[in-house]
Amino acid sequence: MFIDFTEWTITFPLHYIILSKIQSLVHDKYLLRLLYCLISLVIPYLFYVCLKNKFEKENKNLLYLFSLIIFFLPSFRSGAIWANSQITGLIFFLLSLFFFTKWIKKKDFNDINLDLFLQIVFMSLAVYTRQLYAVVFLYFVFSYFCHFDDFHVFEGHF
């Protein structure tokens, strides 16, 4: 059973669909908020993995400490406690960013691979959760135009 989200917000319902699935397992709103707060603890780790992927030669301890800055952001703390859609969108965004940096590092722009597919899927989920990530998606599209050689990569796929 899905929750009717229109009473609280007019944003897209992906976050509320995910939340309703978790609530169908938990059946208590306080336990749901605690579980969602625990799920939000994956965000600093995902941020660290993205930083480590992008800056391989930097000190990993410094990257780890830098990733913990997220805990000082009031919007992160309130979003984690109140099971806000910002946290869900941020998880999808960081997953997309991880696969984007992985794709850029491979420098294999002549083939459609799993990293390219996963970054588009996770960015689409992030945009479907929070529309502000559409600006970053435009950057991704611009990057695709710059990296593919006159779109020869698409000739045999469609």
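These numbers were taken from a predicted model, which means no experiment stands behind them. Along each chain, residue indices are assigned from 1 in the same order as the chain's sequence is written. Only residues with pLDDT of at least 70 get local features here, since the model is predicted, and only at 80 or more are side-chain atom pairs given and counted; chain-wide, interface and lining totals rely on the full set of residues. Side-chain descriptors were evaluated using all non-hydrogen atoms of the structure, hydrogens and water having been removed beforehand.

Caption draft 1: Representation of the packing of aromatic side chains in the model. Here the aromatic set is Phe, Tyr and Trp, taking the six-membered ring for Trp, and pairing holds for ring centres within 6.5 Å; pairs whose planes are under 30 degrees apart are stacked, those over 60 apart are edge-to-face, and all others are tilted. Summed over all chains, the structure comprises 13 aromatic pairs. When the centroid spacing of 6.4 Å and the interplanar angle of 25 degrees are considered together, the rings of Phe92 and Phe122 count as stacked. With a gap of 30 residues between them, Phe92 in helix α6 (residues 85-106) and Phe122 in helix α7 (residues 114-129) connect regions that are remote in the sequence. To sort residues, take the accessible area from a 1.4 Å probe on protein chains only and compare it with the maximum for the residue type: under 20% means buried, over 50% means exposed, and anything in between is partly exposed. Take Phe92: its relative accessible area is 14%, and that puts it in the buried class. In this structure Phe122 comes out as buried when scored by relative accessible area, which is 19%. Centroid distance Phe98 to Phe99: 5.2 Å. Interplanar angle 70 degrees. Geometry classified as edge-to-face. Under the DSSP-based scheme used, a helix requires at least four consecutive residues in state H or I and a strand at least two consecutive residues in state E, with every element numbered from the N terminus.

Caption draft 2: Main features of the side chain of Ser96. If you trace the backbone, Ser96 turns up in helix α6. What makes Ser96 buried here is its relative accessible area of 0%.

Caption draft 3: Layout of the layout of surface pockets. Here the second largest pocket is characterised by a volume of approximately 210 Å³. Both cavities and pockets are sets of points on a 1 Å grid over the protein atoms alone; in a cavity a 1.4 Å probe fits but cannot get out, in a pocket the set is open with protein on both sides within 12 Å along at least five of seven lines, and lining residues sit with an atom within 4 Å of a point. Every residue along the wall of the second largest pocket is listed here: Phe47, Cys50, Leu51, Asn53, Lys54, Glu56, Leu97, Phe100, Thr101, Ile104, Lys105 and Tyr139. Within the residue set of the lining of the second largest pocket, elements represented by two or more residues are α3 (42-54) and α6. When residues are grouped by polarity, Ala, Val, Leu, Ile, Met, Phe, Trp, Tyr, Cys and Pro land in nonpolar, Asp, Glu, Lys and Arg in charged, and all others, Gly among them, in polar. Of the residues in the lining of the second largest pocket, the class split is seven nonpolar, two polar and three charged. Grid points are joined across faces, edges and corners, and a volume is the space filled by probe spheres set on the points.

Honestly, that's just the spatial picture; any functional story needs more than this.
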